[in-house]
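Report on the structure
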Amino acid sequence: VRRPPGPFAPAWWRSPLRGPWLTSVLGSLLLVAMVIVAVTGFASHAAYEPELGHNAIVARGRDFQPLVFDWPTQPAWLYALNQGLHVIVGLAAVPLLLFKLWSVIPRLFAWPPVRSPAMAVERLALLALVGSAFFQLATGVVNVELWYPFHFDFVVAHYYGAWIFVSALVVHVAVKLPVVVRAYRDRGELRGGLPEPPDPDGLAPIAPDPPTLSRRGLFALAGGAMLSVAAVTAGQSIGGRLRRIAVLAPRGGGTRFPVNKTAAAVRVTQDMVGDAWRLELRGPRPASLARDALLALPLHTEDLPIACVEGWSTTQRWTGVRLADLGRLCGASTGALCLVESLQPKGRFRQVTLSAGQVADERTLLALRVNGADLPLDHGYPARMIIPAAPGVHCTKWVSRLTFAAT
Ligand SMILES: Nc1nc2c(c(=O)[nH]1)N[C@H]1C(S)=C(S)[C@@H](COP(=O)(O)O)O[C@H]1N2
Ligand SMILES: [Mo]
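Residues numbered from 1 in each chain as written. Chains lettered and ligands numbered in written order. Predicted model: local features only at pLDDT ≥ 70, side-chain atom pairs only at ≥ 80, totals over all residues. Heavy atoms only, no water.

1. Quick notes on the site of ligand 1
- In the vicinity of ligand 1 there are 19 residues, among which Pro 258, Gln 344, His 379, Arg 384 and Lys 397 approach most closely.
- One of the backbone N or O atoms of Asn 260 is found 2.8 Å from an oxygen atom in ligand 1.
- Residue His 379 places a side-chain N or O atom 2.6 Å away from an oxygen atom belonging to ligand 1.
- Calculation on ligand 1 without its partners gives an accessible area of 530 Å², and the protein chains cover 99% of this total.
- For the shell around ligand 1, the residue count by class is 10 nonpolar, 6 polar and 3 charged. (Near = heavy atom within 4 Å. Polar contact = N/O pair within 3.5 Å; in protein donor to acceptor, adjacent residues only side chain to side chain. Areas by Shrake-Rupley, 256 points an atom, 1.4 Å probe, with all protein chains shown as cover. Nonpolar A, V, L, I, M, F, W, Y, C, P; charged D, E, K, R; others polar.)

2. Brief notes about unusual backbone geometry
- For the peptide bond that leads from Gln 74 to Pro 75, omega is -15 degrees, which places it in the cis range.
- A cis amide bond links Asn 260 with the next residue in sequence, Lys 261, at an omega value of -5 degrees.
- You can see Lys 261 is positioned in the loop between α8 (235-238) and β1 (279-282).
- Residue Ala 389 is not a glycine yet carries a positive backbone phi of 65 degrees. (Helix = DSSP H or I, 4+ residues; strand = E, 2+ residues; numbered from the N terminus.)

3. Side note on the nonpolar core
- Counting residues in hydrophobic clusters, the biggest one holds 45 residues, and the most contacted among them are Leu 279, Leu 294, Trp 318, Leu 326, Met 385, Leu 402 and Phe 404.
- Counting residues per element, this core draws most heavily on strand β7 (residues 365-370), at 5 residues.
- Other than its neighbours up to four places away in sequence, Leu 326 contacts Leu 279, Leu 281, Leu 289, Leu 294, Leu 297, Val 321, Leu 366, Leu 402 and Phe 404.
- In this structure, Leu 22, Leu 30, Val 89 and Leu 129 belong to the second largest nonpolar core, which totals 19 residues. (Core = buried A, V, L, I, M, F, W, Y, C linked by side-chain atoms within 4.5 Å. Buried < 20%, exposed > 50% of the residue type's maximum accessible area, 1.4 Å probe, protein only. Contact = heavy atoms within 4.5 Å.)

4. Considerations on the environment of Gly 274
- Considering the arrangement of structural elements, one finds Gly 274 in the loop between α8 and β1.
- On the accessibility criterion, Gly 274 (31% relative accessible area) is partly exposed.
- Linking Gly 274 and Ser 313, residues 39 residues apart in sequence, is a C-alpha distance of 29 Å.

5. Observations concerning the pattern of salt bridges
- Inspection of the entire model under this criterion finds 13 salt bridges.
- Arg 291 is paired through a salt bridge with Asp 374; the nearest N and O atoms lie 3.6 Å apart. Pair noted here: Arg 291 is in helix α9 (residues 291-295) and Asp 374 is in strand β8 (residues 373-374), with a separation of 83 residues, a long-range link.
- For Arg 291, a relative accessible area of 10% puts it in the buried group.
- Note that Glu 362 and Arg 322 form a salt bridge whose closest N and O atoms lie 3.8 Å from each other. Of the two residues, Glu 362 sits in the loop between α11 (356-360) and β7 while Arg 322 sits in strand β4 (residues 313-322), which places them 40 residues apart along the sequence.
- Each member of the salt-bridge network shares a partner with another, and the members are Glu 280, Arg 282, Glu 341 and Arg 401. (Salt bridge = Lys/Arg side-chain N within 4 Å of Asp/Glu carboxyl O.)

What follows is the structure, encoded as structure tokens:
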């Protein structure tokens, strides 16, 4: 076969670092990171409890949602950990992905590009894998930045992107497993150093240049890049001093108690939360309560996190009425679900359906105060939900109505 010139010629690629062993190590590490990101991603989707009332963003019934389960309320930091891992590991894996792609770049110029039907399938899966990896990363990052330059729904796109990514990854790992096993087995012969012996895939150079960097140096570079990315994001979940350098975390960095979103942004005004505000309770014995009446009920204080899907979390001291007490007040039966509605006029986050477990948990509060003071308007005055281990978006602010109902 006649090959085009330049990068299509096998001798064009000269780095003595490339080879099946290097690619296998980078790929194995990347696989660990991707399994963490995928598991936490699907777990987060389940935490939205899409089978309940108004929670589904990816439509129920019609859509493919095999991994939905009732998310626990214990331990309270579970969703903060889940989402911290999802976002931080996802971002920190980017340098590793780039090193991995660098290590296999000669394959991009393999000639002829397709030699057999099996190779065509393999290459299509690769296209889906790399394409969906970049798509997931890009949509995840712009969501954290609250910037939606596209016209599709982020949640739906990120969800289906995940299925494409996971499917393509399974095909890729299955196809490459024999190569990886061989590379690890042959490792003994490589101890001598660089370069790796020429391999059928053409990763190791046939005409290597002298090394400018050791293999150890390359791993140090990749590890250093990953740690740097983690260092400027991890503060948003871990807190402490790290929070100040979390420059890649638009809301979790800097401030200890971020706002998402402000009252002004969703058109909630002072007049809407003035003396005329009432909490409407719907159940067998409907009731309507002013804020003073709520403050006269038994109050409880809990240290609970708000953990946003964006990866940031913050633990604060909340004081309010137990949701279960409000349910009993209006005669709700045990095991009832609760539809929470906000006086926010529009938008998806103005309502949520809470599961029976969330309603029954003693730490689930309709919070009236935070850290000993009345809730600030931006944090949901006059009343907001706080639910252990739930995604932040279910901690509805400016609550106006609670409807208790068995399923
Ligand atoms: N009514 C209403 N409640 C809401 C939101 C909203 O936009 N509207 N945002 C949610 C999201 S995504 C998060 S992470 C938390 C943030 O709470 P905070 O602003 O008090 O930190 O509030 C949740 N409650
Ligand atoms: Mo959020």
